[in-house]
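# Coordinate inspection notes
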Amino acid sequence: MKRTFFASMLVLSALTACSKKEAPKNAAGSASAPGTTVANAPGSASGALAHLPGKCDAVMRIDFAAVVAVPSMKTHLIPALEEMKKAEPKDEAGRQAKAFLADAGIDPVTDVKEVAVCFNELKAGAGEPKFTLVVGGNFKPGSIVPAMEKNGKAERFKIEELEGSKILVDSDGHLFLGQAPDGAVVLSHSKETLAAAFKTSNAAATFQVPTDAAVSFVMPAEFMKTAMGNEGSPFVAQASKVGRGVLALDLKKPDVQLRIAMGDEKSATELAGAVKLILGQALKDVPPPGHPMAPMFAMLQAAKIDSKGSDAVVEIAISTEKLDELSKMLVEAIKGGGPAASEPPVP
C-alpha cells in the first residue's frame, strides 16, 4: 500500500496546482450528503469526477480551487508554488522534473483543477487496496506520457499503447498511467481500470459526491455495513441499519463533518452515543504540548457529536490559527516532495 500511495503522491506533487473556479451546484441529494451536487469541472479543463469508474468501495474528491480560496493558503501556498516555479533546480532530479513540466506544458500554479480517487478492495482480508486516481485540469491531451518518457529513468517504466495512445507502466506492471481523450491524467492498478477511466460516466451521480466541499470522502452503504459489522467492531449493533457516510472538509467555515445515515432516529441516536463513548476513551491519554499529534487530539476533544434526524453527525471546528498551521505544513510537504525536489512522477 505504501508503494502505490507513494507513486500516486508523486503524480500529485508534480501536478500540484490551484486555480479559481466554481462548481455548479444543485439541491442537496439526501440528509446524509448535505450540499451534494454532481458536475464536471466547468470550462475547457478536463474534470476528474467525470472519469470515476462505476464500481468503487469509496470515493474521494479534492477541489484545489476551494483550497486556494482560503486566505491562509493564499498567504502561504501560492507564494511557495511561485517560488518553486522560478527556483533553479539543485540536483539532476530537480532538473528532470522541471524539464518534464516544461515539455508537458504544465504550469504548476494554475493547471490542476480537481482530483478524484476511486478506492476498491478496502474490506478486511481483501489484500492490498486498489485505487484509480484522476487529475483533471488544463492538460494538453497526449502530452504527459511523452514528457515522462523523455525525462524519466527508462529502467523504472515501459511504454505501451492503449486505445491508440501511449501509456506508462511501471517496471513491475503494478501501476498504469495515461491520459483520457480530454486530457485528464489517470493512474490505476490495472490496464482494464485505466481504460474504463479514460471514458466518462455518470458514476459521480451514483455516489452523490459533494462538490461544495474542499475535500469529500464518500462511503456507500455497502462499505459502511461491512466496516461496522466486522468482528471486533464497536459498532456491530448499529451495522444492520447504517447507510452511506460522507466526510467533508469545508474550508469556508472552516470545519470537518462526518455524517452517517441510519435507518431511523433511534439508530442515529444510538450510533452517536457509541461514538461519544469510544472517542472519549480514545482521548484519555492526551499527548504533551509539542507532540505532532497534540493538535489533532485537541481538535477531536472539541468535536460535537449528535444525531440530526436519522443521521449521526460528528462536527469538528477548525480555528483560523489551526488552518494557518495546516497551510504551513502543506507548504513544507510540497517543498519536500514537489517537482523541484523529486524525480519526474513515474511509477
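Structure first, text after, so check above.
All values derive from a computational prediction rather than experimental measurement. (Residues numbered from 1 in each chain as written. Predicted model: local features only at pLDDT ≥ 70, side-chain atom pairs only at ≥ 80, totals over all residues. Heavy atoms only, no water.)

## Here's the deal with helix α4 (residues 92–104)
- Helix length check: α4, at 13 residues, gives a terminal C-alpha distance of 18 Å against a target of 18 Å (1.5 Å per residue), a fit within 8%.
- Within α4, the full set of buried residues consists of A93, G94, Q96, A97, F100, L101 and A104. Taken around the axis of α4, the buried residues stretch over an arc of 160°, which confines them to a single face.
- Phi turns positive one or two residues past the end of α4, at G105, with a value near 70°. (Helix = DSSP H or I, 4+ residues; strand = E, 2+ residues; numbered from the N terminus. Expected span 1.5 Å × (residues − 1). Buried < 20%, exposed > 50% of the residue type's maximum accessible area, 1.4 Å probe, protein only. Arc of directions from axis to C-beta.)

## Here we look at the side chain of S72
- Tracing the backbone shows S72 in helix α3 (residues 71–86).
- With residues up to four places along the chain from it excluded, the contact list for S72 reads L77, L323, D324 and S327. (Contact = heavy atoms within 4.5 Å.)

## Notes on the sheet that holds strand β8 (residues 215–219)
- The strand order across the open sheet formed by 12 strands is β4-β5-β6-β7-β3-β2-β1-β8-β9-β10-β12-β11, and the pairing between neighbours is antiparallel. Of all the strands in the sheet, the pair left with one neighbour each is β4 (157–162) and β11 (304–308). Adjacent strand axes in the sheet meet at a mean angle of 15° when their direction is disregarded.
- Two strands pair when backbone bridges link them, and β8 and strand β9 (residues 242–250) are joined in this way by five bridges, in the antiparallel orientation. Directly across from F217, in β9, lies its bridge partner L247. (Pairing = 2+ DSSP bridges. Axes fitted to C-alpha atoms, helices over the stretch in contact; angles between N-to-C directions.)

## Focus: the packing of aromatic side chains
- A complete count under the given rule lists one aromatic pair for this structure.
- For the ring pair F119 and F217, a centre distance of 5.9 Å and an interplane angle of 65° mean the geometry is edge-to-face. Remark: F217 occurs in strand β8 and F119 occurs in strand β2 (residues 112–120); sequence separation between them is 98 residues. (Phe/Tyr/Trp six-rings, centres within 6.5 Å; stacked < 30°, edge-to-face > 60°.)

## Some details on the pattern of salt bridges
- All chains considered together, the criterion is met by 14 salt bridges.
- Residue R61 pairs with E114 through a salt bridge whose shortest N-O separation is 2.7 Å. Of this pair, R61 sits in strand β1 (residues 58–63) while E114 sits in strand β2, placing them 53 residues apart in sequence.
- We classify E114 as buried; its relative accessible area is 1%.
- When the shortest N-O distance is used, the salt bridge between D311 and R259 registers 3.2 Å. Highlighted residues: D311 in strand β12 (residues 311–317) and R259 in strand β10 (residues 255–262), separated in sequence by 52 residues.
- Classification of D311 as buried rests on a relative accessible area of 1%.
- For R259, a relative accessible area of 12% corresponds to the buried category. (Salt bridge = Lys/Arg side-chain N within 4 Å of Asp/Glu carboxyl O.)

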